[in-house]
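# Report on the structure
Listed below are the residues making up each chain.
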Amino acid sequence: LTVLYNDLHPTVGLVSIACTSNNISVGGVFNIDVNSPNPPKDLIVYLVRVSLETTIELTTKRKGKQTVPVQRHKLFEKGWVPPKNNDGSHGDGKKTDGFVRNSGTEDAWTVQGIARMPDDNHIRASTVAASKASIRFSHIIVVEIVHSRRPAESTATTPEEEAKERRLKVFALRQPV
């Protein structure tokens, strides 16, 4: 498994994403490394999540090709997204993790970890492309970075006002595995 991304994103800035393993299989482990060496000063990174999306297609002579809704398996998560309103929800992620990176610092940020692919009880291996099987499984690994930046037209003078003006954005890298 090798998922690599190195590019300058308009809102996240320079970002590098690597999901690597010598031998990936059902139930196997892989390394995650997401970092930004020189992020914008006003960037807040709330959450980094890695998940696996499974698509199942069934082909029959009578009904033709049918697709099951995509199944998502969360493999790794670090950070916390606060609730949008005070509606009693706890937000997304673990509050004890806090933000991955808060604004106002010029420091680089890094998220590293190890994740395990789901085992045979949860997923099946991808179907080979040339196979004529009537049930086909395909998988996409998704790396999401939930973040926000201060709006260009911002007139906020306090952190509370600035927090209300910020809009959450999600950078998602999707790659077949």
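Let me sum up the structure you'll find in this document. (Residues numbered from 1 in each chain as written. Predicted model: local features only at pLDDT ≥ 70, side-chain atom pairs only at ≥ 80, totals over all residues. Heavy atoms only, no water.)

## What about the overall build of the protein chain?
Summing up its helical and strand segments, the protein chain has one helix and nine strands in all. Each helix and strand of the protein chain, ordered N terminal to C terminal, gives the series β-β-β-β-β-β-β-β-α-β. By its C-alpha atoms, the protein chain is 65 × 35 × 30 Å across when sized along the principal axes. Partitioning the contacts of the protein chain with sequence separation of at least 6, the portion at a separation of at least 24 is 63%. Side chains of the protein chain give 24 positive and 19 negative charges; the mean places of these two sets differ by 10 Å. (Helix = DSSP H or I, 4+ residues; strand = E, 2+ residues; numbered from the N terminus. Contact = heavy atoms within 4.5 Å. Lys, Arg positive; Asp, Glu negative; His and termini not counted. Charge placed at Lys NZ, Arg CZ, Asp CG, Glu CD.)

## Structural notes on the environment of Glu57
Within the secondary structure, Glu57 sits in strand β4 (residues 44-60). According to the relative accessible area criterion, Glu57 is partly exposed, its value standing at 23%. Counting along the chain gives 23 residues from Glu57 to Val34, while the straight-line C-alpha distance between them is 32 Å. Here Glu57 is in contact with Lys65, Gln66, Thr67, Ser134, Ile135 and Arg136, once residues within four sequence places are set aside. (Buried < 20%, exposed > 50% of the residue type's maximum accessible area, 1.4 Å probe, protein only.)

## Concerning the sheet that holds strand β5 (residues 64-81)
Strand order in the open sheet formed by five strands is β6-β5-β4-β8-β9, and the pairing between neighbours is antiparallel. Since the sheet does not close on itself, it has two edges, and those belong to β6 (92-93) and β9 (169-176), each with one partner. (Pairing = 2+ DSSP bridges.)

## A look at the nonpolar core
By size, the foremost hydrophobic cluster in this structure holds 28 residues, and its most contacted members are Ile17, Phe30, Ile32, Val34, Val48, Trp109 and Ile145. Contributions of two or more residues to this core are made by β1 (2-9), β2 (13-20), β3 (29-36), β4, β5, β7 (109-116), β8 (135-148) and β9. If one sorts the elements of this core by residue count, β4 sits on top with four residues. If you look at the next biggest cluster of nonpolar residues, it comprises five residues, including Ile44, Tyr46, Leu47 and Val146. (Core = buried A, V, L, I, M, F, W, Y, C linked by side-chain atoms within 4.5 Å.)

## With respect to the sheet that holds β1
Sheet architecture is open: four strands sit in the order β1-β2-β3-β7, paired in antiparallel fashion. Of all strands in the sheet, those with a lone pairing partner are β1 and β7, marking the two edges. If you compare each strand with its neighbour and ignore which way they point, the axes differ by 5° on average. Here β1 runs beside β2; their pairing, made up of eight bridges, is antiparallel. Paired with Val3 across the two strands is Cys19, which belongs to β2. (Axes fitted to C-alpha atoms, helices over the stretch in contact; angles between N-to-C directions.)

## Remarks on the pattern of salt bridges
Pairing is possible between side chains that carry opposite charge, provided their charged atoms lie close to one another. One pass over the full model with this rule turns up eight salt bridges. Between Lys65 and Glu57 there is a salt bridge, with its nearest N and O atoms 3.7 Å apart. Note on Lys65: relative accessible area 56%, which makes it exposed. Of the charged contacts, one joins Glu144 and Arg72 as a salt bridge, the two residues approaching to 3.3 Å between their closest N and O atoms. With a gap of 72 residues between them, Glu144 in strand β8 and Arg72 in strand β5 connect regions that are remote in the sequence. Each of Arg49, Glu53, Arg72, Lys74, Glu77, Glu144 and Arg174 takes part in one network of salt bridges that share partners. (Salt bridge = Lys/Arg side-chain N within 4 Å of Asp/Glu carboxyl O.)

## Considering the pairing of β5
Here β4 runs beside β5; their pairing, made up of 13 bridges, is antiparallel. Within β5, the position partnered with Val50 by the bridge is Phe76. Hairpin geometry of β4 and β5 is characterised by an intervening segment of three residues between the two adjacent antiparallel strands. With two bridges connecting them, β5 and β6 associate as antiparallel partners.

Interpretation in functional terms is not warranted from these geometric data alone.
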